[in-house]
Amino acid sequence: MAGKEPLLGTLKACVLGLQSVGTDPIQDDSPHITPLCDTIEMILRKGLKSGVLGLKRRDYWHWIEELPQHDTCGRLPHISVMIEKTLACPKTLTAQGRGRYFLRMALSRKALAATLQHLQHTHRLLEWYDPFFSVLGNEEHMEPFLSLLMVISQSTFNLDLQNSSFLDESWLLPVCATYQTVPCRELGMVLRYLEGRVFVIQVLPDSQTEVDEVVLAGDIIDEINGVSLRNAYNGQAGTVLSKLKGEPLIFQIIRWRWKDGEVFRPLIPYLKGVKERVPDFQLQQNPRSLENSQERPQQDGRLLYSALYLGQTDVGLFGGKEILDVGITKVRKQNRLPKAVLLDIKETEVAVNDKESSEVLFHYSYPEISSIGRRLDNRKVFALCAIAKDKAHDMPSFDCFVFEAPSNKECEEIIKRIAAGFKHTEWFV
């Protein structure tokens, strides 16, 4: 009897769990996704016989891959497209990884039940399953299994198919991040290649990567500008970067730290291997600037600097550092009421936000900033000059913006951060 198959009972419990949450669409952060996929996979594997003479070990991906070859009526165009996309995915290298990638895609496209229905009518592939021990080869079990898949297809899944680099090893997905940075001569990441993965083993002090405060030692570079580094050979990341010289860079990063704050479990053997090759390697817990600044407000992982905005003034046709003293003097003579602001020093620009309302008061990209510095008589007051925007006359002119930091040390840190961002930025026509 079908009800005696324990895996179907487990699958039913997974379905009820999904329905109890009622979230639509269902995403990877749902606690029910991994048990659901794991249970479906166990059902697809149960009773799957080995290949000819028992020499070839089969997995469910192998019959999925062969489905189009047995479709004589052209009924599988959407499934064929999914199979092609799976084969084209550079991040899965094994039958297990491809099968899992396909299952996640089939959930997102509501095509899992249809795939099993086509198997049901493809007797040559269905014979791969033991008729007594399996679910798929047993009609009494197959029907309730299909019914549960139909119920699952009524839910909407929005799963991140890009996050697939660990499907070869685990259903557990890592935490991923996108790191965007400006073109620069040196990023400041020291890399180590291990078993086809590119590990960051050090973030160099005062480098662009340290300034951007996204990548940590122990993270994996998964992609650069859409180029996958899964199964990378030694030096491949450098080869990709050399071809992208002068272009903005977008890295897809796999975090060493999982959602529970601990090391992502499938990474543990890799990190042990890195440690064996680089004995002084240590996982980096936070960006260096955060280690001593835990109380400071943050935005998307970046530090925000509190300051008082004292005002701005037009300083004319020249915006060099020699004009900063003039600009600070003119603004302080205005005796304007200071405004509490937060400086958000991003990868490509500096934004000034109203501290109370979070409204962006103004922002300038680094090439628009001509100088930044402070006066010697009050080392908490600093200013930056930037090209004036929306001025009627044709000749370029500059505005000077004046701020007061909470302390001399913080003022110096702000100036260094903005200067470093400006220094590392290179713009190519």
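Here, residues in each chain are numbered from 1, in the same order as that chain's written sequence. Per-residue local features are limited, in this predicted model, to residues with pLDDT of at least 70; the limit for side-chain atom pairs, both in listing and counting, is 80 or more; totals at the level of whole chains, interfaces and linings are taken over all residues. No hydrogens and no water enter the side-chain calculation; it runs on all heavy atoms of the structure.

Caption draft 1: View of the environment of glutamine 236. Think of it this way: any DSSP run of H or I at least four residues long counts as a helix, any run of E at least two long counts as a strand, and we number them from the N terminus. Among the secondary structure elements, glutamine 236 is positioned in helix α10 (residues 236-243). Burial status follows relative accessibility: with a 1.4 Å probe on protein chains alone, a residue under 20% of its type maximum counts as buried, one over 50% as exposed, and anything between as partly exposed. Look at glutamine 236 and you get buried, because its relative accessible area is 14%. Between the alpha carbons of glutamine 236 and valine 198 there is a distance of 9.0 Å; along the sequence they are 38 residues apart. Note on contacts: a residue pair qualifies if any of its non-hydrogen atoms lie within 4.5 Å across the two residues. In contact with glutamine 236, other than residues within four places in its own chain, are Tyr193, Ser228, Leu229 and Asn231.

Caption draft 2: Quick look at the pairing of strand β6 (residues 249-254). At least two bridges found by DSSP between two strands are what make those strands a pair. Strand direction decides the pairing type here: strand β1 (residues 176-181) and β6, joined by six bridges, are antiparallel. Among the inter-strand pairings, cysteine 176 is bridged to a residue of β6, identified as isoleucine 254. In this structure, strand β4 (residues 220-224) lies alongside β6, joined through four bridges in antiparallel fashion. Bridged to isoleucine 220 within β6 is isoleucine 254.

Caption draft 3: Local environment of the pattern of salt bridges. In the sections that follow, a salt bridge refers to a side-chain nitrogen of Lys or Arg positioned within 4 Å of a carboxyl oxygen of Asp or Glu. In total, this model carries 17 salt bridges according to the counting rule given. Put simply, aspartate 168 and arginine 230 hold a salt bridge, and the shortest N to O gap is 3.2 Å. Taken together, the residues aspartate 168 in the loop between α8 (139-152) and β1 and arginine 230 in the loop between β5 (227-228) and α10 connect sequence positions 62 residues apart. Between lysine 380 and glutamate 404 there is a salt bridge, with its nearest N and O atoms 3.8 Å apart. Separated by 24 residues along the polypeptide, lysine 380 in the loop between β12 (369-374) and β13 (381-387) and glutamate 404 in strand β14 (residues 398-404) bring together distant segments of the chain. Relative accessible area serves as the criterion here: at 27%, lysine 380 is assigned to the partly exposed category.

Caption draft 4: How the structure looks around the packing of helix α1 (residues 6-21) against helix α2 (residues 33-45). Across the interface, α1 lies against α2 with an axial gap of 9 Å and an inter-helix angle of 155°. With respect to their mutual orientation, α1 and α2 come out roughly antiparallel. Relative to α2, α1 is oriented so that their crossing is left-handed. Together, Leu7, Leu8, Thr10, Leu11, Cys14 and Leu18 of α1 and Pro35, Leu36, Thr39, Ile40, Met42 and Ile43 of α2 make up the contact between the two elements. Of the residues in the contact of α1 with α2, the class split is ten nonpolar, two polar and no charged. Axes here refer to lines fitted to C-alpha atoms; in helices the fit is confined to the stretch in contact. Angles between the N-to-C directions go from 0 to 180 degrees. Every angle not falling under 35 degrees, over 145, or within 65 to 115 is termed oblique; those three ranges are roughly parallel, roughly antiparallel and roughly perpendicular. The handedness criterion is simple: a crossing whose near helix is rotated anticlockwise from the far helix by less than a right angle is left-handed, and one whose near helix is rotated clockwise is right-handed. The classification used treats Ala, Val, Leu, Ile, Met, Phe, Trp, Tyr, Cys and Pro as nonpolar, Asp, Glu, Lys and Arg as charged, and all other residues, Gly among them, as polar.

Caption draft 5: Spatial organisation of the layout of surface pockets. Grid points spaced at 1 Å and placed over the protein atoms alone form the basis of the search, with a cavity being a set where a 1.4 Å probe fits but cannot get out and a pocket an open set showing protein on both sides within 12 Å along at least five of seven lines. Lining residues have an atom within 4 Å of a point. Grid points are joined across faces, edges and corners, and a volume is the space filled by probe spheres set on the points. Estimates place the volume of the second largest pocket at around 410 Å³. When residues in the lining of the second largest pocket are grouped by element, the largest group, four residues, is from α2. Classifying every residue of the lining of the second largest pocket gives eleven nonpolar, three polar and five charged.

Caption draft 6: The state of the cysteines, seen in detail. Cysteine sulfur atoms that come within 2.5 Å of each other are treated as a disulfide pair. Tallying each qualifying case throughout the model produces zero disulfides. Cysteine cysteine 411 remains unbridged, with the sulfur of cysteine 400 as its closest cysteine sulfur at 13 Å. Relative accessible area serves as the criterion here: at 0%, cysteine 411 is assigned to the buried category.

Caption draft 7: Region of interest: the packing of aromatic side chains. To pair, rings of Phe, Tyr and Trp, with the six-membered ring standing in for Trp, must have centres within 6.5 Å; the planes then decide the type, stacked if under 30 degrees apart, edge-to-face if over 60, and tilted in the middle. Applying the stated criterion to the full structure yields eleven aromatic pairs. Grouped by ring-pair contacts, the aromatic residues Tyr309, Phe362, Tyr364, Phe382, Phe401 and Phe403 constitute a single cluster. Should the NZ of a Lys or the CZ of an Arg lie within 6 Å of a ring centre and within 35 degrees of the ring normal, that charge is described as sitting over the ring. Cation over ring: lysine 46 sits above phenylalanine 133, and NZ or CZ is 5.0 Å from the ring centre. Lying across the ring of phenylalanine 166, arginine 197 places its NZ or CZ 3.8 Å from the centre.

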